Amino acid sequence: MTATDIETERHIDRSAMTVSDEVAIEIRGMNKWFGSFHVLRDINLTVYRGERIVICGPSGSGKSTLIRCINRLEEHQQGDITVDGTLLSSDLKNIDRIRSEVGMVFQHFNLFPHLTILENCTLAPIWVRKVPKKEAEATAMHYLERVKIPEQAHKYPGQLSGGQQQRVAIARSLCMNPRIMLFDEPTSALDPEMIKEVLDTMIGLAEEGMTMLCVTHEMGFARQVANRVIFMDQGQIVEQNEPEEFFNNPQSERTKLFLSQILGH
Amino acid sequence: MSDTHAQTQPFVRGEMLPESEPPLAEKGAVKWLRENLFSGWLNILLTVVSLYVIWVVLSTVVPWTVLGIWDADSLTGCREIRDARYGEGMEVACWAVIADRWQQLLFGFYPRDLYARPVLALLVFFAGIAPVLFTGLPRKLLWGSLAAPFVMYWLLWGGSIWGPIVVALGLAVGALAFQVGNRAQGALLGGILAIVVPILYWLFLAGPLIRALASVLPIGIEFVPSDDFGGFMLSFIIGIAGITLSLPLGILLALGRQSDLFIINKVSVAFIEIIRGVPLIVWLFTASLLLNYFLPPGTNFDLMLRVIIMVTFFASAYIAEVVRGGLAALPKGQYEAGDALGLDYAKSMRLIILPQALKIAIPGIVNTFIGLFKDTTLVVFIGLLDPIGLSNSIRATTDWNGIYWELFVFIGILFFICCYSMGRYSLALERKLTRENR
Ligand SMILES: Nc1ncnc2c1ncn2[C@@H]1O[C@H](COP(=O)(O)OP(=O)(O)OP(=O)(O)O)[C@@H](O)[C@H]1O
Ligand SMILES: [Mg+2]
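Computed from a predicted structure; not experimentally measured.

Calculation rules
Residues numbered from 1 in each chain as written. Chains lettered and ligands numbered in written order. Predicted model: local features only at pLDDT ≥ 70, side-chain atom pairs only at ≥ 80, totals over all residues. Heavy atoms only, no water. Helix = DSSP H or I, 4+ residues; strand = E, 2+ residues; numbered from the N terminus. Rg over C-alpha atoms; globule rule 2.2 N^0.38 Å. Buried < 20%, exposed > 50% of the residue type's maximum accessible area, 1.4 Å probe, protein only. Contact = heavy atoms within 4.5 Å. UniProt positions renumbered as here; feature names shortened; annotations may be inferred. Buried area = accessible area lost by both parts, 1.4 Å probe. Salt bridge = Lys/Arg side-chain N within 4 Å of Asp/Glu carboxyl O. Polar contact = N/O pair within 3.5 Å; in protein donor to acceptor, adjacent residues only side chain to side chain. Nonpolar A, V, L, I, M, F, W, Y, C, P; charged D, E, K, R; others polar. Near = heavy atom within 4 Å. Areas by Shrake-Rupley, 256 points an atom, 1.4 Å probe, with all protein chains shown as cover. Disulfide = S-S within 2.5 Å. Axes fitted to C-alpha atoms, helices over the stretch in contact; angles between N-to-C directions. Parallel < 35°, antiparallel > 145°, perpendicular 65-115°, else oblique. Left-handed = near helix turned anticlockwise from the far one by under 90°. Core = buried A, V, L, I, M, F, W, Y, C linked by side-chain atoms within 4.5 Å. Pairing = 2+ DSSP bridges.

Some thoughts on the overall build of chain B
Helix and strand content of chain B: 16 helices and two strands. Scaling as 2.2 N^0.38, a compact globule of 438 residues should have a C-alpha radius of gyration of about 22 Å, whereas chain B reaches 30 Å, well beyond that. By principal-axis analysis of the C-alpha atoms, chain B measures approximately 105 × 80 × 40 Å. Per-residue burial over chain B gives 37% buried out of 438 residues. Contacts in chain B between residues at least 24 apart in sequence constitute 71% of all its contacts with a sequence separation of at least 6.

Digging into the UniProt feature "domain: ABC transporter" (unreviewed entry) in chain A
Per the UniProt annotation, the sites labelled "domain: ABC transporter" (unreviewed entry) are residues 25-259 of chain A. Annotated as residues 25-259 of chain A, this span is 39% helix and 26% strand, and its ends, taken at the C-alpha atoms, are 27 Å apart.

A word on the interface of chain A and chain B
With 23 residues of chain A at the contact, the number on the chain B side is 21 residues. Summed over both sides, the interface between chain A and chain B buries roughly 2000 Å², with carbon and sulfur atoms accounting for 60% of that surface. Among the residues of chain A in contact with chain B, Phe112, His114 and Trp127 of chain A are the three that bury the most area, contributing 28% of the side total. Run the count over chain A and chain B and you get one salt bridge. With its nearest N and O atoms 2.7 Å apart, the salt bridge here joins Arg68 of chain A to Glu336 of chain B. Put simply, chain A and chain B have six residue pairs in polar contact (both at pLDDT 80 or more) between them. Its residues assigned to classes, the side of chain A that touches chain B comprises 13 nonpolar, five polar and five charged.

A closer look at the site of ligand 1
All names here are of chain A. All residues adjacent to ligand 1 are Phe34, Phe37, Val39, Pro58, Ser59, Gly60, Ser61, Gly62, Lys63, Ser64, Thr65 and Glu185. At 2.6 Å from an oxygen atom of ligand 1 is found a side-chain nitrogen or oxygen belonging to Ser59. In this structure, Ser61 approaches ligand 1 through a main-chain N or O atom, which is 3.2 Å from an oxygen atom. If ligand 1 stood free it would expose 640 Å²; the protein chains cover 60% of that surface. At three residues, the largest contribution of residues to the shell around ligand 1 is made by helix α1 (residues 63-70). Its residues assigned to classes, the shell around ligand 1 comprises four nonpolar, six polar and two charged.

As for the pattern of salt bridges
Tallied over the full model, the rule gives 24 salt bridges over all chains. Two residues, Arg146 of chain A and Glu208 of chain A, come together in a salt bridge whose shortest N-O distance is 2.7 Å. Here Arg146 of chain A is found in helix α4 (residues 133-146), whereas its partner Glu208 of chain A is found in the loop between α6 (192-207) and β8 (211-215), with 62 residues between them in sequence. Here Arg82 of chain B and Asp83 of chain B are joined by a salt bridge, their closest N and O atoms 3.3 Å apart.

Some thoughts on the state of the cysteines
All names here are of chain B. One pass over the full model with this rule turns up one disulfide over all chains. Covalent S-S linkage joins Cys78 and Cys94, the inter-sulfur distance amounting to 1.8 Å. With the S-S dihedral at roughly 85 degrees, the linkage between Cys78 and Cys94 falls on the right-handed side. A residue pair is termed long-range when its members are at least 10 positions apart, and Cys78 in helix α3 (residues 75-86) and Cys94 in the loop between α3 and α4 (96-107) qualify at 16 residues.

Let's talk about the packing of helix α3 (residues 117-127) of chain A against helix α5 (residues 162-174) of chain A
Residue and element names in this part refer to chain A. In contact at an axis separation of 8 Å, α3 and α5 are set at 25 degrees when each is read in the N-to-C sense. Regarding the angle of α3 to α5, the classification is roughly parallel. Relative to α5, the crossing made by α3 is right-handed. Residue-level inspection shows Ile117, Asn120 and Cys121 of α3 in contact with α5, the latter providing Val168, Ala171 and Arg172. Taken together, the residues that form the contact of α3 with α5 break down as four nonpolar, one polar and one charged.

Points about the nonpolar core
The biggest cluster of nonpolar side chains holds 94 residues, and the ones touching the most others in it are Ile27, Ile55 and Leu213 of chain A together with Phe229 and Leu327 of chain B. For this core, the leading source of residues is helix α12 (residues 303-329) of chain B, giving 12 residues. When residues no more than four places from it in sequence are discounted, the contact partners of Phe229 of chain B are Phe107, Tyr110, Leu156, Trp157, Val224, Leu234, Ile237, Met304 and Leu385 of chain B.

Brief notes about the packing of helix α11 (residues 280-294) of chain B against α12 of chain B
All names here are of chain B. One way to put it is that α11 packs onto α12 with a least axis distance of 9 Å and a crossing angle of 145 degrees. Handedness of the α11/α12 crossing: right-handed. Taken together, the residues of α12 that come into contact with α11 (itself represented by Leu280, Trp283, Leu284, Thr286, Ala287, Ser288, Leu291 and Asn292) are Leu303, Arg306, Val307, Met310, Val311 and Phe314. Here the residues of the contact of α11 with α12 sort into 10 nonpolar, three polar and one charged.

Brief notes about the environment of Asn241 of chain A
Structurally, Asn241 of chain A is set in strand β10 (residues 236-241). The residues touching Asn241 of chain A, leaving out its near neighbours within four places in the chain, are Arg228, Val229 and Phe246 of chain A.

Brief notes about the sheet that holds strand β2 (residues 37-48) of chain A
Residue and element names in this part refer to chain A. Sheet architecture is open: four strands sit in the order β2-β1-β4-β5, paired in antiparallel fashion. Every other strand in the sheet has two partners, leaving β2 and β5 (86-87) as the edge strands with one partner each. Relative to β2, strand β1 (residues 23-34) is paired through eight bridges, and the arrangement is antiparallel. Along β2, the bridge assignment pairs Phe34 with Phe37. Each of β1, β2 and β4 (78-83) touches α1; the most contacted strand, β1, lies at about 120 degrees to it.

This is how it looks when you write it as structure tokens:
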């Protein structure tokens, strides 16, 4: 596992980064199996609106599976997950509602290669939210400007660099006006220069008070932006703490070992 | 400079070199010939042998074709003219049979004075297919494409105009049923209603409605029974109907085969495997013979319609497998991205998955279409007069008894033109899509 510890020089404006008492995601006693393999064990987690949570842990520890359960890309077998007050069950209407409220950014971008950047961004607003095309395009251009690539709007994803593609993926999620954003290792398929541009975009989101759950090994990002760091191992939450405490004063042996490997000292 | 090695003397170019021609032997035709035909002794040998074979073939085929006789009214007439013109022993084509019977080869026994109708139907077909094939045309024209099959049906078979109109209304009825079901209960009920209601309408309501309308307002053109259809017209009708119907059916089967719903999955798999595992000719015999036993006595179920259904089923099983290949080639991330954005199954299939999967599947789909079109000649075995069947009946007349090659060459060329254009279109489409997306 490599960790590029990229520090962003920019000053972070913390004025809007406030955590409210309102619960955004509530996970109670959640268990998940892949066949007979117990991949998530008794997960309990409450995310408040405005929180920026970084989830880290060794490969195979179930980080991706955890956040994919939140928008039902994976189905859990035991326990309750409540997102924005809606209980996740097999009711398709609930699932679609949660999915349109929760944005997700993948490691491999997963842009739609047969659509232009603009079409990628307007597809879901037009077809899920029934926004008129013109309005959806205006919104899309607004977010593309925010991720600093409005000039690429009419290109196809294959013509963009990895970092640009990931920023489009973020803009595509934002176009649905999500109240929660999930990131699954958004920078680990990118070169170092591109990591910075994507992290900058994510910091920008955090500054606006977005609720974020982010699986990442960017410890610089965790230090600067997160208000909570969660360490997972073998399908369990092993430790969670404020970043300062988490990095300077880890409690469990596993966490210490993991941090020493990832920070290289 | 003492620490600069002698080899690394600094260098600055004083003047730029002008562009110059490559050496003569390495340029243009000479270079191409040398590299491709005469690059080694084996290659030289192959070139010489190939040239010889080409010469032998051409020296018989070209005179046979070019010197062919066009102005005779029977095979014996042809032979007399040939002997008079070129002397005994020279073999030349007797194109006179084509000149004499081309109308039959194209239209079968369709009434002569009504030939304009199938030609018009073909034009309607081209007008209808254009907006589908060329995405640059305005999308509104697709409504015309939807109406085209009904117009074509009316032009070909004739009869009362109310038949096709009332049948076409079934589509509107289906769309309406979907809307109602979708409002009330969601897409599933809508889908079921959209299939069931139009079928009920066609079975029970359409017949009386047509009769009632026809008695009030008798508008129509001369009716032509299916028995009179033949020649390339028949191949085209079966081929075009089969192609346009098998694509949607094949896509549905492919999606069904991928589905998690047990019944749908198993039914699709069984349909595909059974249809694909039995030769088309067997299905055609089934269509012509067996179906009569199963259908209630007295029902007059047009043989051509039965053949179209069988050919459609057969091609759709192949298309389903080709499309499944396209679906399997898509990364899982595409499905997940669609899900994560909140698109439901139907939308994510229509907007994200199928456009990409079909693009991958284009060569295979067109391949299947080409096969289907050529396989229409198999209907000769169940007594339909496709071009091959007509060539048999032309040969059975005293005038043209014993003529083979000329008819087959003519039929072959027409089929080749159609299939080759389909192949070219698919190549062009592939190139266009690759250009767009990369
Ligand atoms: N679809 C699946 N079927 C069976 N096992 C799976 C599946 N997806 C993941 N797993 C297993 O579940 C475990 C957790 O996987 P997960 O992807 O959540 O790990 P992760 O913490 O995200 O790891 P990484 O850092 O490598 O992305 C792994 O052991 C993996 O092999
Ligand atoms: Mg992962």
